[in-house]
2 protein chains.
Amino acid sequence: MKLYTYFRSSAAYRVRIALNLKGIDAELVPVHLLKDGGEQFGPAYDALNPQHLVPLLEHDGMALGQSLAIIEYLDETHPQQPLLPPDARGRARVRALSQAIACDIHPIDNLRVLKYLSDKLDVSLDQKGAWYRHWVALGLEALERQVSRDRETGSFCHGDTPTMADCCLVPQLYNARRFDCDLAPYPTLTAIASRCEALPAFDAASPDKQPDAR
Amino acid sequence: MKLYTYFRSSAAYRVRIALNLKGIDAELVPVHLLKDGGEQFGPAYDALNPQHLVPLLEHDGMALGQSLAIIEYLDETHPQQPLLPPDARGRARVRALSQAIACDIHPIDNLRVLKYLSDKLDVSLDQKGAWYRHWVALGLEALERQVSRDRETGSFCHGDTPTMADCCLVPQLYNARRFDCDLAPYPTLTAIASRCEALPAFDAASPDKQPDAR
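A quick note: this is a predicted structure, and the numbers were derived from the prediction, not measured. (Residues numbered from 1 in each chain as written. Chains lettered and ligands numbered in written order. Predicted model: local features only at pLDDT ≥ 70, side-chain atom pairs only at ≥ 80, totals over all residues. Heavy atoms only, no water.)

Colleague: An account of the pattern of salt bridges is needed here, citing residue identities and associated values.
Modeller: Side chains bearing opposite charge may pair, as long as their charged atoms lie close to each other. Overall, the coordinates contain 28 salt bridges over all chains when judged by the stated rule. The residue K22 of chain B makes a salt bridge to D75 of chain B at a minimum N-O spacing of 2.8 Å. Remark: D75 of chain B occurs in helix 3 (residues 67-77) and K22 of chain B occurs in helix 1 (residues 10-22); sequence separation between them is 53 residues. Each member of the pair, K22 of chain B as well as D75 of chain B, is classed as buried. Residues participating in the shared-partner salt-bridge network are E72, E76, R91 and R95 of chain A together with E72, E76, R91 and R95 of chain B. (Salt bridge = Lys/Arg side-chain N within 4 Å of Asp/Glu carboxyl O. Helix = DSSP H or I, 4+ residues; strand = E, 2+ residues; numbered from the N terminus. Buried < 20%, exposed > 50% of the residue type's maximum accessible area, 1.4 Å probe, protein only.)

Quick look at the structure:
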């Protein structure tokens, strides 16, 4: 099993956490998104993933993109340490929390979008920072309200073991800190993230622990 | 079962298709995203969904956001006419195709993002159109390459019955047409969408057939 990854990619970080939580030994293949105009556009990676995004999982002749699809695939094929709850309502909740990050925060603040803002729309650095923080704040505010009020929340986003939602939360908060977002309004989320980050599986997946970090 | 919907919301449109394909009779509750500054920000809807987005499913005391989480929940609780394949690889592929639309095209072109571009960044109407078409083209080009080369593609995105991926494809192409995107480069995708649109379940879910269309 091979995971194509980039140390700072929030989506790849999610899958690295999932692999570690499940104890799956995958080969990590770095794809440098900034070097030489972006290795993701080179012919080798283009043939594997026409989307030119990381992560990508290669397994058993299949090339699978999309971090949440990869995590669910790992969960279905490697049932140890389940990342989705056993009940339909629980799974629905974990998927919705994950998608609130993976659909409604992250893609709008992704590298290629920020690049379009500066390259094509002449947006200033300050405006780009404000854009980034706007979508993070909007998304995390809603998530904080939901997670702090739901009875299903435990030490982690759902219950007392990490799920796919925690695999999404930790990278999003990591990136938010990099862009100087104020996280004080989200005490429930940051407390959950601290609990996660204390676990070796999360720690070993963090960007600064990756071989391609520089 | 209640679905909070807006006739033009691409994400709500996905769930309306899924409900129709499964023959589930849900009450559709319209939330007008533009009227009076947006009904989604009113206190009633805010209490249900702090994300202020549609769709939202109310079922059995649960308020569930996120269209893909809702579709998988419907699929797990109403197994007739499955919208995900029976095998882990097939499910992974359908999820990845769905997320390529629901994460990487739609959110960047969503109403609130377009509004930010004009309100906060003084982006012109022409530039906003170009933004919209850029992300649609980038996403559909990758999807066309993948769907046209994969052996798992059939009359629909995956095999010969509609799946969650088709529930995502049709609304995305509908919206692309509204914004004058050139769909000629995606013959496989448009052929699949035509086959879908010929089915009553897809037709009845289309924006112009909704009671709140005006």
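Colleague: With reference to specific residues and values, describe the interface of chain B and chain A.
Modeller: On the side of chain A, 50 residues touch chain B, which itself brings 50 residues to the contact. For the pair chain B and chain A, the summed buried surface comes to about 4,400 Å²; carbon and sulfur atoms form 58% of the total. At the boundary of chain B with chain A, the tally comes to 10 salt bridges. The partner of R95 of chain A in a salt bridge is E72 of chain B, with the nearest N and O atoms 3.4 Å apart. In this structure, the connection of chain B to chain A is made through 18 residue pairs in polar contact (both at pLDDT 80 or more). (Contact = heavy atoms within 4.5 Å. Buried area = accessible area lost by both parts, 1.4 Å probe. Polar contact = N/O pair within 3.5 Å; in protein donor to acceptor, adjacent residues only side chain to side chain.)

Colleague: Which residues make up the sheet that holds strand 3 (residues 56-59) of chain B, and what values go with them?
Modeller: Residues and elements named next belong to chain B. The four strands lie next to each other as 2-1-3-4, forming an open sheet whose pairing is mixed. Sheet topology places strand 2 (27-30) and strand 4 (62-65) at the edges, where each strand pairs with a single neighbour. Shown here is a sheet whose adjacent strand axes are inclined to one another by a mean of 20 degrees, direction ignored. Inspection of the sheet shows strand 1 (residues 2-5) paired to strand 3 by three bridges, in the antiparallel sense. Residue pairing across strands places Y4 opposite L56, the latter belonging to strand 3. Most of the contacts of helix 1 go to strand 1, to which it runs at about 150 degrees, and overall it touches strand 1 and strand 2. Its contacts with the sheet place helix 3 against strand 3 and strand 4, and it is angled at close to 125 degrees to strand 4. (Pairing = 2+ DSSP bridges. Axes fitted to C-alpha atoms, helices over the stretch in contact; angles between N-to-C directions.)

Colleague: Got a sec to walk through the sheet that holds strand 2 (residues 27-30) of chain A? Specific residues and values, please.
Modeller: On the basis of which strands lie adjacent, the open sheet formed by four strands has the order 2-1-3-4 (chain A) and mixed pairing. In this open sheet, the two strands that pair with only one neighbour each are strand 2 and strand 4 (62-65) of chain A. Averaged over all adjacent pairs, the angle separating strand axes in this sheet is 20 degrees, with direction ignored. Against the sheet, helix 1 (residues 10-22) of chain A contacts strand 1 (2-5) and strand 2 of chain A, and its axis sits at roughly 150 degrees relative to strand 1 of chain A. Sitting on the sheet, helix 4 (residues 88-102) of chain B is in contact with strand 3 (56-59) and strand 4 of chain A, with an inclination near 40 degrees to strand 4 of chain A.

Colleague: A description of the relation of the copies chain B and chain A should follow, citing residues and the corresponding values.
Modeller: For the pair chain B and chain A, the relating rotation is 180 degrees, the translation along its axis is 0.0 Å, and the fit reaches an RMSD of 0.0 Å. The operation mapping one copy onto its partner corresponds to a two-fold rotation axis. It is C103 of chain B whose C-alpha, among those of chain B, lies nearest the rotation axis, at 2.2 Å. Take the interface residues of chain B: 100% of them recur as interface residues in chain A, which is what a same-surface contact looks like. (Least-squares fit on C-alpha atoms with pLDDT ≥ 70 in both.)

Colleague: I'd love a proper account of the nonpolar core, names of residues and values included.
Modeller: It is characteristic of soluble globular proteins that their nonpolar side chains tend to be buried jointly. Among the nonpolar cores identified, the biggest contains 126 residues, and W131 of chain A together with W131 of chain B are the most heavily contacted of them. Once residues lying within four places of it in the same chain are set aside, the contact partners of W131 of chain A are I108, D109, V113, L114 and L117 of chain A together with V113, Y116, L117, L121 and W131 of chain B. (Core = buried A, V, L, I, M, F, W, Y, C linked by side-chain atoms within 4.5 Å.)

Colleague: Break down helix 8 (residues 187-197) of chain A for me, with residues and values.
Modeller: Along an α-helix, residues three or four apart share an orientation, since each turn contains 3.6 residues. Residue and element names in this part refer to chain A. Among the residues of helix 8, L189, T190, I192, A193 and C196 are the ones counted as buried. All buried residues of helix 8 project into a common sector of 160 degrees when viewed along the axis, lining one side. Looking at the packing, one finds that the buried side of helix 8 touches helix 6 (125-149), helix 7 (164-178) and helix 9 (200-205). (Arc of directions from axis to C-beta.)

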